[in-house]
Amino acid sequence: MLQNHSHIDVIPDIHADLDRLTKTLTYLGYRESASCWAHPEGRIVAFLGDFIDGGDQNSVVISLVRAMQLHGHAIAIMGNHELNALLYHEQGENSERTSDGFMRAHTLKNTAQHETFLKEFPIGAPQTQEVLDWFMTLPLFIDLPGIRLVHAYWDDRHIDTIRRRTGDARLKRDDLQELAFETDASPFADAVLSSLKGPEAELPHGHSFTDIKGHTRTAIRLKWWQAGVRTWRSSALSVPRSDDLPDTPVIESGGINFYGAEEKPVFFGHYKMLSQPELAAHNALCLDYIERPCAYRWNGEQLLSTDNLILVPK
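Values in this document were obtained by computation on a predicted structure and should not be read as measured data.

Calculation rules
- Residues numbered from 1 in each chain as written.
- Predicted model: local features only at pLDDT ≥ 70, side-chain atom pairs only at ≥ 80, totals over all residues.
- Heavy atoms only, no water.
- Axes fitted to C-alpha atoms, helices over the stretch in contact; angles between N-to-C directions.
- Helix = DSSP H or I, 4+ residues; strand = E, 2+ residues; numbered from the N terminus.
- Left-handed = near helix turned anticlockwise from the far one by under 90°.
- Contact = heavy atoms within 4.5 Å.
- Nonpolar A, V, L, I, M, F, W, Y, C, P; charged D, E, K, R; others polar.
- 1 Å grid on protein atoms, 1.4 Å probe; cavity = no way out; pocket = protein on both sides within 12 Å on 5 of 7 lines; lining within 4 Å.
- Points joined across faces, edges and corners; volume = space filled by probe spheres on them.
- Salt bridge = Lys/Arg side-chain N within 4 Å of Asp/Glu carboxyl O.
- Buried < 20%, exposed > 50% of the residue type's maximum accessible area, 1.4 Å probe, protein only.

**Digging into the packing of helix α1 (residues 18-27) against helix α2 (residues 58-70)**
Helices that pack against each other are described as a pair by the angle of their axes relative to one another and the distance between those axes.
Next up, step 1: Where α1 contacts α2, the two axes come as close as 9 Å, and the packing angle between them is 30°. Crossing geometry of α1 relative to α2 is assigned as left-handed. For the pair α1 and α2, the contacting residues are L18, L21, T22 and L25 in the first and V60, V61, L64 and M68 in the second.
Next up, step 2: Here the residues of the contact of α1 with α2 sort into seven nonpolar, one polar and no charged.

In structure tokens:
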């Protein structure tokens, strides 16, 4: 039935912000009942992952999403924060070679990022394991006949790698240790991590830029969703001074593929965009904007429309 569903409301990263989530659902016409939120016309929600961390209502947000899933009113994929949580709570080795015995190092930075979740779901608690088990049921992407959902990056090569390994795009416990090593990652780990965290490309030799924290960097994130020839300068994400970058075409950009203009619509979040929500391509849309909650009301169209980009009042 879901394969033929053409009335889907796409909602991006929630980060334990219950108020933002319920305002978005209400504005889209969903109503709360004794069992879950639902739309009177039978529409469903597609959640793009990152349900946790940041806000202080992790448990309530997770319960709301799971209830909608259970009753057939929502589908959901994994975000990088769910993967990070799995690795943080799972015993094993990590790429930082710490001695704490967990797949994601318990550094000050990683712990601070995960702090609100840990307050509600301590390491080793039964309720924590139950939620982590739910994270494992979330697919890394969803590819329906008319729509694609991924948290950060759709690249057919990575999608095919994940399909060959998993079959249904869902991770297994045995996969986690492989994903804990981000440096010198295996092809499978690279495919998963790129899909959930986005790709980076090395600038041409001799070029660099200074980030917002004053660090010099030689690798940048690119707007992979903008098809056609783009320059390093126009394609860069999160670069304070784009003039620092070469105004030359992005060629052989570290293996990053731009999304083809002929491909079906893909929706993603992750990037914490600082501008106002906009439709930057006719078949690809980032919905993760910090200052303005938004969603997309998809009705089966193959050319996305600004009319269906919903800006939620604050």
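**Thoughts on empty space enclosed by the protein**
Next up, step 1: Enumeration according to the criterion identifies two cavities of 30 Å³ or more in this entry.
Next up, step 2: Volume-wise, the largest cavity comes out at about 60 Å³.
Next up, step 3: The wall of the largest cavity is formed by I11, P12, D13, I14, R20, L21, T24, P293 and C294.
Next up, step 4: Here the lining of the largest cavity is composed, by residue class, of six nonpolar, one polar and two charged.
Next up, step 5: Taken as a whole, the second largest cavity holds about 40 Å³ of empty space.
Next up, step 6: Along the walls of the second largest cavity sit D53, H81, N84, A85, Y88, R104, N110, Q113 and H114, which together make up its complete lining.
Next up, step 7: Those elements that place two or more of their residues in the lining of the second largest cavity are α3 (80-89) and α4 (108-113).
Next up, step 8: Of all the elements, α3 adds the most residues to the lining of the second largest cavity, at four residues.
Next up, step 9: Residues belonging to the lining of the second largest cavity are distributed by class as follows: two nonpolar, five polar and two charged.

**Structural notes on the environment of A281**
Next up, step 1: For A281, the position within the fold is in the loop between β13 (266-268) and β14 (284-286).
Next up, step 2: Residues A281 and W225, 56 residues apart in the sequence, show an inter-C-alpha distance of 7.2 Å.

**Details of the pattern of salt bridges**
Next up, step 1: In total, this model carries 19 salt bridges according to the counting rule given.
Next up, step 2: For D155, the salt bridge is made with R157, and the minimal N-O distance between the two is 2.5 Å.
Next up, step 3: Through salt bridges with shared partners, a single network forms among D143, R148, D160, R163, E263 and K264.

**With respect to the environment of R97**
Next up, step 1: Summarising the element assignment, R97 is placed in the loop between α3 and α4.
Next up, step 2: A residue is classified by how much of its surface remains accessible, and R97, at 60% relative accessible area, is exposed.
Next up, step 3: Residues R97 and F141, spaced 44 residues apart in sequence, show a C-alpha to C-alpha distance of 30 Å.

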